[in-house]
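So the chains spell out like this:
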Amino acid sequence: SQQGEEDPQALSIQEGENATMNCSYKTSINNLQWYRQNSGRGLVHLILIRSNEREKHSGRLRVTLDTSKKSSSLLITASRAADTASYFCATEKKTSGSRLTFGEGTQLTVNP
Amino acid sequence: EPEVTQTPSHQVTQMGQEVILRCVPISNHLYFYWYRQILGQKVEFLVSFYNNEISEKSEIFDDQFSVERPDGSNFTLKIRSTKLEDSAMYFCASRPDRVSEKLFFGSGTQLSVL
């Protein structure tokens, strides 16, 4: 698998449900970040988790990191139609300086 | 809230032509980046820039590409002789310092090479 692979590729849920997206990576990292992209727009930073952290919360977002499995998950609770977007994980590798490596993304659709 | 601005939002050019994509990073930021996203694919790193020089570049960033910070506020990406496969959304990003890991992205320039 490639660095920063998300699954599922697409997720469709009803408003009010929780959405969980997963990301796997291959190399040692400094941190893992999640970004959101609305169709045809730029990337917006959502949340960052460092390699020595296991879980972080921000509003309706919860991110976990398991460095032994090289995986992360992003949970969006009580989803809204406005959460409809593509979600990308991005890793900053320990040897890469400051560049980010992005995953393929998960297209989330929240139906009203 | 301060934001990264990119111009133009859309650029159409003929194969072989030179294009310059422009970005104005957030004013107190010191690190600047270009990424690109070919339609339906992942976002790819092109180059990072700090202290008026390239600090890192990817294998995509070949001799056809160059970056410049000509006047202390603008940050440009030049493609000397565009190819069809250069068609993509190009994103500029910045961050204030090495410690702050979060990147601030512009809304992108959609480049179409015909």
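One structure accompanies this document, and this report is about it. Because the structure is predicted, anything quoted here is derived from the model rather than measured. (Residues numbered from 1 in each chain as written. Chains lettered and ligands numbered in written order. Predicted model: local features only at pLDDT ≥ 70, side-chain atom pairs only at ≥ 80, totals over all residues. Heavy atoms only, no water.)

Moving on, we get to the packing of aromatic side chains. Residues and elements named next belong to chain B. Under the counting rule described, the total for this entry stands at 13 aromatic pairs over all chains. Pairing Tyr31 with Tyr50 gives two aromatic rings, centres 4.3 Å apart and planes at 10°, and the pair type is stacked. With Tyr31 in strand β4 (residues 31-37) and Tyr50 in strand β5 (residues 43-50), this pair connects stretches of sequence that are 19 residues apart. We classify Tyr31 as buried; its relative accessible area is 11%. On the accessibility criterion, Tyr50 (33% relative accessible area) is partly exposed. (Phe/Tyr/Trp six-rings, centres within 6.5 Å; stacked < 30°, edge-to-face > 60°. Helix = DSSP H or I, 4+ residues; strand = E, 2+ residues; numbered from the N terminus. Buried < 20%, exposed > 50% of the residue type's maximum accessible area, 1.4 Å probe, protein only.)

What follows covers the interface of chain A and chain B. When the parts come together, some accessible area is lost, and that loss is often what is quoted as the size of the interface. Each partner contributes residues to the interface: chain A has 24 residues there, and chain B has 19 residues. Carbon and sulfur atoms make up 48% of the surface buried where chain A meets chain B, a total of about 1,800 Å² over both sides. One can count 4 salt bridges joining chain A with chain B. For the pair chain A and chain B, the interface holds 6 residue pairs in polar contact (both at pLDDT 80 or more). When residues of the side of chain A that touches chain B are traced back to their parent elements, those giving at least two are β4 (29-37), β5 (43-50), β9 (85-93) and β10 (100-102) of chain A. Here the residues of the side of chain A that touches chain B are counted per class, giving 6 nonpolar, 13 polar and 5 charged. (Contact = heavy atoms within 4.5 Å. Buried area = accessible area lost by both parts, 1.4 Å probe. Salt bridge = Lys/Arg side-chain N within 4 Å of Asp/Glu carboxyl O. Polar contact = N/O pair within 3.5 Å; in protein donor to acceptor, adjacent residues only side chain to side chain. Nonpolar A, V, L, I, M, F, W, Y, C, P; charged D, E, K, R; others polar.)

Before going further, it helps to spend a moment on the pairing of strand β8 (residues 71-76) of chain A. All names here are of chain A. Most of β8 sits out of view: 5 of its 6 residues are buried. With 6 bridges joining them, strand β3 (residues 19-24) and β8 adopt antiparallel strand pairing. Across the sheet, residue Thr20 finds its bridge partner in β8, namely Leu75. Bridge analysis of strand β7 (residues 61-66) against β8 gives 6 bridges, and the strand direction is antiparallel. Of the residues in β8, the one forming a bridge with Leu65 is Ser72. Turn length for the β7-β8 hairpin, with the two strands adjacent in sequence and antiparallel, is 4 residues, and the turn residue Lys70 shows positive phi of about 50°. (Pairing = 2+ DSSP bridges.)

So, on to unusual backbone geometry. Glycine aside, negative phi is the norm for most residues, and most peptide bonds take the trans geometry. All names here are of chain B. The step from Thr7 to Pro8 runs through a cis peptide bond, and the omega angle for that step is -10°. With respect to the secondary-structure elements, Pro8 resides in the loop between β1 (5-7) and β2 (10-13). You will see that Asn51, though not glycine, has its phi angle at about 55°, which is positive. Relative to the helices and strands, Asn51 resides in the loop between β5 and β6 (53-57). With relative accessibility at 59%, the residue Asn51 sits in the exposed group. In this structure, Asn52 takes a positive phi of about 65° despite not being glycine. The topology assignment puts Asn52 in the loop between β5 and β6.

Locating Thr76(B) in the fold gives a position in strand β8 (residues 75-79). Non-local contacts of Thr76(B), meaning those with residues more than four positions away in its chain, are made with Ile20(B), Leu21(B), Arg22(B), Trp34(B), Ser66(B), Val67(B) and Glu68(B).

Before going further, it helps to examine the sheet that holds strand β7 (residues 65-68) of chain B. Residues and elements named next belong to chain B. The 4 strands are arranged β1-β3-β8-β7 in an open sheet whose pairing can be described as antiparallel. With partners counted over all chains shown, the strands left at the sheet margins are β1 and β7, one partner each. In this sheet, neighbouring strand axes are inclined to one another by 20° on average, regardless of whether the strands run parallel or antiparallel. Bridge count between β1 and strand β3 (residues 19-24): 3 bridges; the pairing is antiparallel. Counted as the bridge partner of Thr7 is Arg22 from β3. (Axes fitted to C-alpha atoms, helices over the stretch in contact; angles between N-to-C directions.)

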